[in-house]
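Here are the chains, one letter per residue:
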Amino acid sequence: MVKRFNTPAFFSYSDAQSPWFRYGLAVLAVTIATLVTQSILVISQRAAFMFFFIAIIQAAYWLGRYPGLLALVLSLVTVNGLVLFPAWASEPDNMAILNLGFIAVAANIINAASQHRQLAAKLWLSQQDLNHAQAVAQTGSWRLNVRRNELRWSAENHRIFGIPTVI
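Position numbers for residues count from 1 along each chain, tracking the sequence in the order it is written. Note on the predicted model: pLDDT of at least 70 is required for a residue's local features to be given, and 80 or more for side-chain atom pairs to be given and counted; whole-chain, interface and lining totals, by contrast, use all residues. As a rule here, side-chain values come from all non-hydrogen atoms in the structure, and water together with hydrogens is ignored.

Asks: In this structure, what is going on with the overall build of the protein? I would like to understand it.
Replies: The secondary structure listing takes helices from DSSP runs of H or I that are at least 4 residues long and strands from runs of E that are at least 2 residues long, numbered from the N terminus. Broken down by element type, the protein carries seven helices and two strands. Counted from the first residue to the last, the protein has its helices and strands arranged as α-α-α-α-α-α-β-β-α. Computed over the C-alpha atoms, the radius of gyration of the protein is 22 Å, more than 25% above the 15 Å expected from 2.2 N^0.38 for a compact globule of 167 residues. Taken across its 167 residues, the protein has 29% of its residues classed as buried. What makes two residues a contact is simply this: any of their non-hydrogen atoms within 4.5 Å. Sequence separation of 24 or more characterises 57% of the internal contacts of the protein that already satisfy a separation of 6 or more. Surface accessibility in these figures is a Shrake-Rupley result with a 1.4 Å probe; residues are shielded only by whichever protein chains are displayed. If you sum the accessible surface of the protein, you get close to 11,300 Å²; carbon and sulfur atoms cover 65% of it. Charge counting follows a simple rule: Lys and Arg are positive, Asp and Glu are negative, and His as well as the terminal groups are ignored. Lys charges are placed at NZ, Arg charges at CZ, Asp charges at CG and Glu charges at CD. Separation of charge centres in the protein, based on 12 positive and 6 negative side chains, amounts to 8 Å. As defined in this context, the radius of gyration uses C-alpha atoms, and a globule is described by 2.2 Å times the residue total to the power 0.38. Only protein chains enter the calculation, and the probe is 1.4 Å; a residue is then buried if its accessible area is under 20% of its type maximum, exposed if over 50%, and partly exposed in between.

Asks: Mind showing me how you'd approach the packing of aromatic side chains here?
Replies: Centre distance within 6.5 Å is the pairing criterion for rings of Phe, Tyr and Trp, where only the six-membered ring of Trp is used; planes under 30 degrees apart are then read as stacked, over 60 as edge-to-face, and the remainder as tilted. In this structure the tally under the stated criterion is three aromatic pairs. Measuring from ring centre to ring centre gives 4.8 Å for Phe53 and Phe102, while their planes differ by 35°; the resulting arrangement is tilted. Taken together, the positions of Phe53 in helix α3 (residues 48–63) and Phe102 in helix α6 (residues 92–137) put the pair 49 residues apart, joining distant regions of the chain. Of the two residues, Phe53 and Phe102, neither departs from the other in class, the shared state being buried. Both rings, one in Tyr61 and one in Trp62, keep their centres 4.8 Å apart while their planes meet at 85°; by these two values the pair is edge-to-face. The class for Tyr61 is buried, based on a relative accessible area of 17%.

Asks: Which parts of the structure should I look at to understand the packing of α3 against α6?
Replies: Each pair of packed helices can be summarised by the angle the axes make with each other and by the distance between the axes. At a closest axis distance of 8 Å, the pairing of α3 and α6 adopts a crossing angle of 25°. Comparing their axes, α6 and α3 come out roughly parallel. Crossing of α3 over α6 shows right-handed handedness. Taking contact as the criterion, the partners of Phe49, Phe52, Phe53, Ile56, Ile57, Ala60, Tyr61, Trp62 and Leu63 in α3 are, on α6, Leu98, Phe102, Val105, Ala106, Ile109, Ile110, Ala113, His116 and Arg117. When residues are sorted by character, Ala, Val, Leu, Ile, Met, Phe, Trp, Tyr, Cys and Pro go into the nonpolar class, Asp, Glu, Lys and Arg into the charged class, and all the rest, Gly among them, into the polar class. Across the contact of α3 with α6, the residue classes tally to 16 nonpolar, one polar and one charged. Axis angles are defined between N-to-C directions and span 0 to 180 degrees, where every axis is a line fitted to C-alpha atoms and, for a helix, only to the segment in contact. Just so you know how the angles are binned, under 35 degrees is roughly parallel, over 145 roughly antiparallel, 65 to 115 roughly perpendicular, and the rest oblique. Working rule for handedness: look at the near helix, and if it is turned counterclockwise from the far one by less than a right angle, call the crossing left-handed; if clockwise, right-handed.

Asks: What should I look at first to understand the pairing of strand β1 (residues 142–145) in this one?
Replies: For a regular strand, the rule is simple: side chains alternate between the two faces of the sheet. Two strands are said to pair when DSSP picks up at least two bridges between them. Pairing of β1 with strand β2 (residues 150–153), which is carried by four bridges, proceeds in the antiparallel orientation. When the sheet's bridge partners are listed, Leu144 is paired in β2 with Leu151.

Asks: So what exactly am I meant to see when it comes to the packing of helix α4 (residues 65–83) against α6 here?
Replies: Contact pair α4 / α6: the axes reach a minimum separation of 10 Å and the direction vectors enclose 160°. Relative to α6, the element α4 is oriented roughly antiparallel. Once α4 is placed against α6, the crossing between them reads as right-handed. Contact residues: α4 offers Arg65, Gly68, Leu69, Leu72, Ser75, Leu76 and Asn80, while α6 offers Asn99, Phe102, Ile103, Ala106, Ile110, Asn111, Ser114 and Gln118. Per-class residue counts for the contact of α4 with α6 are seven nonpolar, seven polar and one charged.

Asks: Which parts of the structure should I look at to understand the pattern of salt bridges?
Replies: Side-chain pairing between opposite charges can occur once the charged atoms of the two side chains come close. The salt bridge criterion pairs a side-chain nitrogen of Lys or Arg with a carboxyl oxygen of Asp or Glu, the two atoms within 4 Å. Counted by the stated rule, this structure contains two salt bridges. Note that Arg152 is salt-bridged to Glu150, the shortest N-O span being 3.4 Å. In this structure Arg152 comes out as exposed when scored by relative accessible area, which is 55%. Given a relative accessible area of 29%, Glu150 falls into the partly exposed group. For the salt bridge of Arg159 with Glu156, the shortest nitrogen-to-oxygen distance reads 2.7 Å. Taken together, the positions of Arg159 and Glu156, both in helix α7 (residues 155–161) and three residues apart, correspond to about one turn of that helix.

What follows is the structure, given as structure tokens:
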């Protein structure tokens, strides 16, 4: 039996942790991106941004908006200090445009990840309310997808009929 990862439970867990824990994980994500960028020699200067985008996405989605913003700031400082520093002297206009583009894309990523995180949390709470209401009413629900020949039962339906849920 394969058990699915419970994303809302992780959101609840990370939200319950101290801000220092979440910010520390954001710093760790940027540190990993820095190590990858520095250790893989084939990565060009401009392609290095990709790993930092991944760090920002992960920090914003799993840890929240403010750890994502911290990852953005740290990524910007790291990329400019370790990767792009020599290019600033020869191409300051291009580097400024590259940095502004990085900030704009990262800000949109953080905003989208934060909104997705909030919607996922609201959906999870709504599902919890539905499960509680069905348990109180001792009424289950089911859904049949005829095209896929797939039947889905609610947790209460499984409980009523004594059939274990398989996730």
